[in-house]
Amino acid sequence: MDNEQIKKIMEDSYENSREDGLISMLRDFYNRKTLSIVIFAWFWGIIFVAGAIYTGVKFCRFAGDMRFIYGLVFIVCMHGITIIKVFAWQMIHRNSIKREIKRLELRIAELSQVVKSK
């Protein structure tokens, strides 16, 4: 089997895997299997947003020495929001990576069967 035949087989089966869009990844993230991860992400996300709003308002209204502390806590809360977003995004991509690995395993199995038959 030459390289052109291998490329043709891989291209024919690879076209089906391009259906993963943002909507399908979000649908996979918000299912029953990942419910605990979703609850964890939303819980900490809401806590960090509430903390950022509270300390942001206090920072703007306060004029004393505590202003530095409120600003620092605001920055920490904003970093917490970012970390939770990155965590959730990685969990979303984990499902698509698992799916791609399974597709690659199937392609390798099909390719080995084609090679064995010739």
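Residues numbered from 1 in each chain as written. Predicted model: local features only at pLDDT ≥ 70, side-chain atom pairs only at ≥ 80, totals over all residues. Heavy atoms only, no water.

1. Let's talk about the overall build of the protein
And step 1. Per the secondary structure count, the protein includes four helices and zero strands.
And step 2. Of the regular secondary structure in the protein, the N- to C-terminal order runs α-α-α-α.
And step 3. Out of the 118 residues belonging to the protein, those deemed buried represent 24%.
And step 4. Of the contacts formed within the protein by residues at least 6 apart in sequence, a portion of 76% connects residues at least 24 apart.
And step 5. For the protein, the exposed surface amounts to about 9300 Å²; the carbon and sulfur share of it is 66%. (Helix = DSSP H or I, 4+ residues; strand = E, 2+ residues; numbered from the N terminus. Buried < 20%, exposed > 50% of the residue type's maximum accessible area, 1.4 Å probe, protein only. Contact = heavy atoms within 4.5 Å. Areas by Shrake-Rupley, 256 points an atom, 1.4 Å probe, with all protein chains shown as cover.)

2. A look at the layout of surface pockets
And step 1. The computed volume of the largest pocket comes to approximately 280 Å³.
And step 2. Around the largest pocket, the lining comprises 14 residues; the ones closest to its centre are Ala 41, Trp 42, Ile 84, Lys 85 and Ala 88.
And step 3. Broken down by secondary-structure element, the contributors of at least two residues to the lining of the largest pocket are α2 (22–29), α3 (35–61) and α4 (67–117).
And step 4. Ranked by the residues each element gives to the lining of the largest pocket, the list is headed by α4, at six residues.
And step 5. Forming the boundary of the second largest pocket are Asp 28, Asn 31, Lys 33, Thr 34, Ile 37, Arg 94, Asn 95, Lys 98, Arg 99 and Lys 102.
And step 6. Among the elements that make up the lining of the second largest pocket, the one with the highest residue count is α4 (five residues).
And step 7. Residues that form the lining of the second largest pocket fall into these classes: one nonpolar, three polar and six charged. (1 Å grid on protein atoms, 1.4 Å probe; cavity = no way out; pocket = protein on both sides within 12 Å on 5 of 7 lines; lining within 4 Å. Points joined across faces, edges and corners; volume = space filled by probe spheres on them. Nonpolar A, V, L, I, M, F, W, Y, C, P; charged D, E, K, R; others polar.)

3. Describing a nonpolar patch on the surface
And step 1. Taken together, the side chains of Phe 62, Met 66, Phe 68, Ile 69, Leu 72, Val 73 and Val 76 define a hydrophobic patch exposed on the protein surface, amounting to about 630 Å² of accessible area.
And step 2. When you line up the elements, Leu 72 lands in helix α4. (Patch = residues over 30% accessible without salt bridge, like charges linked within 9 Å, V, L, I, M, F, W, Y side chains within 5 Å. Salt bridge = Lys/Arg side-chain N within 4 Å of Asp/Glu carboxyl O.)

4. A closer look at the environment of Arg 94
And step 1. Here Arg 94 is to be found in helix α4.
And step 2. Judged by relative accessible area, which is 33%, Arg 94 ranks as partly exposed.
And step 3. If sequence neighbours within four positions are ignored, Arg 94 has contacts with Thr 34 and Ile 37.

5. Considerations on the pattern of salt bridges
And step 1. This model, assessed by the stated rule, comprises one salt bridge.
And step 2. Two residues, Glu 100 and Arg 103, come together in a salt bridge whose shortest N-O distance is 3.2 Å. Of this pair, Glu 100 and Arg 103 both sit in helix α4, separated by three residues, roughly a single helical turn.
And step 3. Classification of Glu 100 as partly exposed rests on a relative accessible area of 22%.

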